[in-house]
Amino acid sequence: MRSREIEVGHDTPDEMPSTKFFPEPEDVFAENIERHRRVLQPLLSISTAELGADFPDQLHFVCPLEPYDGLLGEYTRDYHSGYCRVNWIAFEVIDGRYRFMGDFRYFRINAPFDEPHAEANEAFEENHYTYKEESYAKAKQAFRDGSADQSRWQSAIELYGGLAPHGNWCVGSDLEIDDQEFDDDGRGAKPLTKDGRPFQFVGSIQGYSYRKEAPVSKLLFFDPKKKVAVLTFDWT
């Protein structure tokens, strides 16, 4: 499927993928739901079966509450593994739900802080999480009670299927990126699996509709063979 920008008011309803905004955590995470939800905010579930026979019925855009500064995972390299690297997180997809494929200490709030300022740094990180949870809760409530312009949510979907746009997410990536071929719109960059196969691009969404201090774009890729979803973040 060729990627396309989804423009609210221009695409007909049958062109829009089926979506669920602010899905419940139990519909997104396959196990250890509270542990996943502690560090990840569910933003959008999107139908993906039409992207290929080996795709699940749906995949999910989630957003980490980190980072406060720098890039996600930049300060927790000791706990990186597999596809969980700087600015990348990965999930095993089990019956359309996610299981984080890394060490939860990948998230700074779960990693030990160095002395002598460990207590102060931990308190600072907790305050940072609280701020982002409050912002997320306000957006979720505005969506559910209709107090915000509802086109805000559909316009959050930038691209669906096809080819991923080039951006700072693929510059200096800790995951190997194939960015040698582009279409006329400058799209075509793709992360590679451990055995050199390209992940397939699911889509991208913008972040500011869901909470403050969110990445500009979140890009979701999927490997149908191994049933692995990977997310990365563009901070342009």
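Residues numbered from 1 in each chain as written. Predicted model: local features only at pLDDT ≥ 70, side-chain atom pairs only at ≥ 80, totals over all residues. Heavy atoms only, no water.

A. Structural view of the overall build of the protein chain. Per the secondary structure count, the protein chain includes 4 helices and 12 strands. The proportion of buried residues among the 236 residues of the protein chain is 49%. Across the protein chain, every contact between residues at least 6 apart in sequence was considered, and the portion connecting residues at least 24 apart equals 60%. Element-wise, carbon and sulfur atoms account for 46% of the exposed surface of the protein chain, whose accessible area totals about 11,500 Å². (Helix = DSSP H or I, 4+ residues; strand = E, 2+ residues; numbered from the N terminus. Buried < 20%, exposed > 50% of the residue type's maximum accessible area, 1.4 Å probe, protein only. Contact = heavy atoms within 4.5 Å. Areas by Shrake-Rupley, 256 points an atom, 1.4 Å probe, with all protein chains shown as cover.)

B. Structural context of the pattern of salt bridges. If you walk through the whole model with that rule in mind, you get 11 salt bridges. Linking Lys-140 and Glu-24 is a salt bridge whose minimum nitrogen-to-oxygen distance equals 3.9 Å. On the criterion of sequence distance, the pair formed by Lys-140 in helix H3 (residues 118-145) and Glu-24 in the loop between strand E1 (19-21) and helix H1 (25-28) is long-range, its members being 116 residues apart. On the basis of relative accessibility, which here comes to 18%, the residue Lys-140 falls in the buried class. Residues Arg-77 and Asp-174 are paired through a salt bridge, measuring 3.8 Å at the closest nitrogen-oxygen approach. Taken together, the residues span a long stretch of sequence, with Arg-77 in the loop between strand E3 (58-64) and strand E4 (88-94) and Asp-174 in the loop between strand E7 (164-165) and strand E8 (177-178) at a distance of 97 residues. Accessibility expressed as a relative area gives 49% for Arg-77, which makes it partly exposed. Via salt bridges that share partners, Glu-24, Lys-140 and Arg-144 belong to a single interconnected network. (Salt bridge = Lys/Arg side-chain N within 4 Å of Asp/Glu carboxyl O.)

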